[in-house]
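Here is how the chains run, residue by residue.
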Amino acid sequence: MKKLKIAVLGASGIGKYHAREYKNAGCEVVAILGSSREKAMHTTNVLKKEFGIFASPHYELESMLKLENIDAVSICTPPELHGKHVRKCLEAGLHVLCEKPFIYNSSKSYPEAKKLCSLAKSMGKVLTVNMQWPSVFSKIKNYYGKEKIGKFFISMAPFGIAREDLIIECLPHFNSMLLKLFSKIKPKNINFSSGKDYERISFSNFNNKEKCEIKYLFKKRNIKPSKISFSINNHNFHREIRENHNQYLVYNWKKEFEIEDPLKVSIRSFVDAINKQSQPLISEAEVLENVKLQDILMKVIK
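My aim in this report is to walk through the structure given alongside it, one point at a time. (Residues numbered from 1 in each chain as written. Predicted model: local features only at pLDDT ≥ 70, side-chain atom pairs only at ≥ 80, totals over all residues. Heavy atoms only, no water.)

**Some words on the sheet that holds strand β6 (residues 127-130)**
The strand order across the open sheet built from six strands is β3-β2-β1-β4-β5-β6, with neighbouring strands paired in parallel fashion. Strands at the two margins of the open sheet, each flanked by one partner only, are β3 (56-58) and β6. The average angle at which neighbouring strand axes cross in this sheet is 20 degrees, direction not considered. By the bridge criterion, four bridges tie strand β5 (residues 95-99) to β6 in an arrangement that is parallel. In the sheet register, V96 faces β6, and the bridge partner there is L127. (Pairing = 2+ DSSP bridges. Helix = DSSP H or I, 4+ residues; strand = E, 2+ residues; numbered from the N terminus. Axes fitted to C-alpha atoms, helices over the stretch in contact; angles between N-to-C directions.)

**Concerning the environment of C27**
Mapped onto the elements of the fold, C27 is located in the loop between α1 (14-24) and β2 (28-33). What makes C27 buried here is its relative accessible area of 7%. The spacing of C27 and L116 is 89 residues in sequence and 25 Å in space, taken between C-alpha atoms. Setting aside residues no more than four positions away along its own chain, C27 makes contact with K3, L4, I6, Y22 and V271. (Buried < 20%, exposed > 50% of the residue type's maximum accessible area, 1.4 Å probe, protein only. Contact = heavy atoms within 4.5 Å.)

**What about helix α8 (residues 262-274)?**
Every α-helical turn comprises 3.6 residues, leaving residues that sit three or four positions apart pointing alike. Counted at 1.5 Å a residue, the expected span for α8 with its 13 residues is 18 Å, and the 19 Å between its end C-alpha atoms agrees. A large share of α8 lies buried, amounting to 10 of its 13 residues. Residues of α8 that are buried include every one of P262, L263, V265, S266, I267, S269, F270, V271, A273 and I274, and no others. Contact partners of the buried residues in α8: α1, β4 (72-75), β5, β6 and β13 (247-251). Put simply, D261 is the residue that caps the front of α8, since its side-chain oxygen is 3.0 Å from the backbone nitrogen of L263. (Expected span 1.5 Å × (residues − 1). Polar contact = N/O pair within 3.5 Å; in protein donor to acceptor, adjacent residues only side chain to side chain.)

Just geometry here; none of it tells us what the structure is for.
If you want it as structure tokens, here you go:
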């Protein structure tokens, strides 16, 4: 199997951990893109020191694409740059994993997302988005799998996210989980509310004449680790991070079981999809449905 050569665009935040997981998946991270020469140099030194990754620093995308021999990229730049960077990388013949939100342009992101997915298909390239939490469903399906789903609740409190960015940072994750339960969402009765340290969206989905009540809760958090909890028909789960960063899901505050780091699963599934061993964790169809739902919900919030 070919050892894939990877570039990470924006490797000082979450991109640093993308680089780590590519190395764990047997890939070679050969380049990173920073916003300036100084930041790119600093990031390459951090990757070398923390993970033993020796990547060439770049601060101009066009130059990096010309000079480096790359198979795939992770795009971890600010959301407003995602569309531009995804297009340039696809046109350069690269497979693309983009951080969420895939595209965010007020409430009109879907047309751009659709064009990019069509471009990826025409180029024969894998295009997916890092919405990693559906990876836990294989662990929990036995708890709800035989029931008609009438309630879905999810709450996330990400560390260090500004209040004004809370919804757009968390919403793609929430939608990705909902889309694993229902392949298509037709939201009705959408309500939005907010308080001192939270924002909430509730709506109904009608699937095959069965009604599901959905609640999304976004909370601000200033200490690590980030918090996530969710429930399906009152089957409650929350994530805990313990020694050596091992992760667990706790069911109904009693039973617990270890889970693989969702980011690790997301990166590995992208690599496996490039090698034609499996499908990415999030399909292109799910990417588009996610953005479509994002547009509908954000329009109500705005």
